[in-house]
Amino acid sequence: MQSKLQKYIGFAWAAKGLILGTDLVLTSIRRRQAKLVLLAVDASDRTAKQVLDKSGFYGVDAVRIDCTMEELARAVGKEAPVAAVAVTDKGFAAAMRESLK
């Protein structure tokens, strides 16, 4: 069964409110498009450091979620593992923050 957060991730992907992949997530943070960044629990230390440092510098909330890269990929209908996603929609970001509490 999917968690509420995974369902929100799927809805946001369908509504084109997500950016997938570390490089694109870092770019979206730099361009101030990202409202919230979600990082898979099994993302590499290097990836986590890059994303968390960039998020902190630009003032974007970044959260390590209790979800593997495979589960994160499944939530958006992808087969390749996804380490990080950036939520670009304010409404979805607020709903996801609420579901993380």
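Just so we're clear, the structure is a prediction, and the values are computed from it rather than from any experiment. (Residues numbered from 1 in each chain as written. Predicted model: local features only at pLDDT ≥ 70, side-chain atom pairs only at ≥ 80, totals over all residues. Heavy atoms only, no water.)

Draft legend 1. Layout of helix H3 (residues 45-58). Look at H3: 20 Å from first C-alpha to last across 14 residues, which is about the 20 Å you get at 1.5 Å a residue. Of all the residues in H3, the buried ones are Thr47, Ala48, Val51 and Ser55. Buried residues of H3, seen end-on, are gathered within an arc of 95° and therefore sit on one face of the element. In H3, the exposed positions angled more than 90 degrees off the buried face are occupied by Asp45, Arg46, Lys49, Gly56 and Phe57. (Helix = DSSP H or I, 4+ residues; strand = E, 2+ residues; numbered from the N terminus. Expected span 1.5 Å × (residues − 1). Buried < 20%, exposed > 50% of the residue type's maximum accessible area, 1.4 Å probe, protein only. Arc of directions from axis to C-beta.)

Draft legend 2. Region of the structure containing the sheet that holds strand S3 (residues 61-65). One open sheet holds the four strands; their spatial order is S1-S4-S2-S3, and the pairing between them is mixed. The strands lining the two open edges of the sheet, one partner per strand, are strand S1 (18-20) and S3. The mean inter-strand angle of the sheet, taken between neighbouring strand axes irrespective of direction, is 20°. Where S1 lies against strand S4 (residues 84-87), three bridges are found, and the strand directions are antiparallel. Looking at the pairing, Ile19 lines up with Ala86 of S4. (Pairing = 2+ DSSP bridges. Axes fitted to C-alpha atoms, helices over the stretch in contact; angles between N-to-C directions.)

Draft legend 3. Unusual backbone geometry, seen in detail. The backbone of Lys16 shows a phi angle near 60°, a positive value even though the residue is not glycine. Here Lys16 falls in the exposed class, since its relative accessible area comes to 72%. At Arg32, a position not held by glycine, the phi torsion is positive, near 60°. Residue Arg32 is classed as exposed on the basis of its relative accessible area of 54%.

Draft legend 4. The packing of helix H1 (residues 4-14) against helix H5 (residues 90-100), seen in detail. Running from amino to carboxyl end, H1 crosses H5 at an angle of 170°, the nearest separation of the two axes being 9 Å. By the angle between their axes, H1 is roughly antiparallel relative to H5. Contacts between H1 and H5 involve Lys4, Leu5, Tyr8, Ile9, Phe11 and Ala12 from the first element and Phe92, Ala95, Met96, Ser99 and Leu100 from the second. Looking at the contact of H1 with H5 residue by residue, the classes come out as nine nonpolar, one polar and one charged. (Parallel < 35°, antiparallel > 145°, perpendicular 65-115°, else oblique. Contact = heavy atoms within 4.5 Å. Nonpolar A, V, L, I, M, F, W, Y, C, P; charged D, E, K, R; others polar.)

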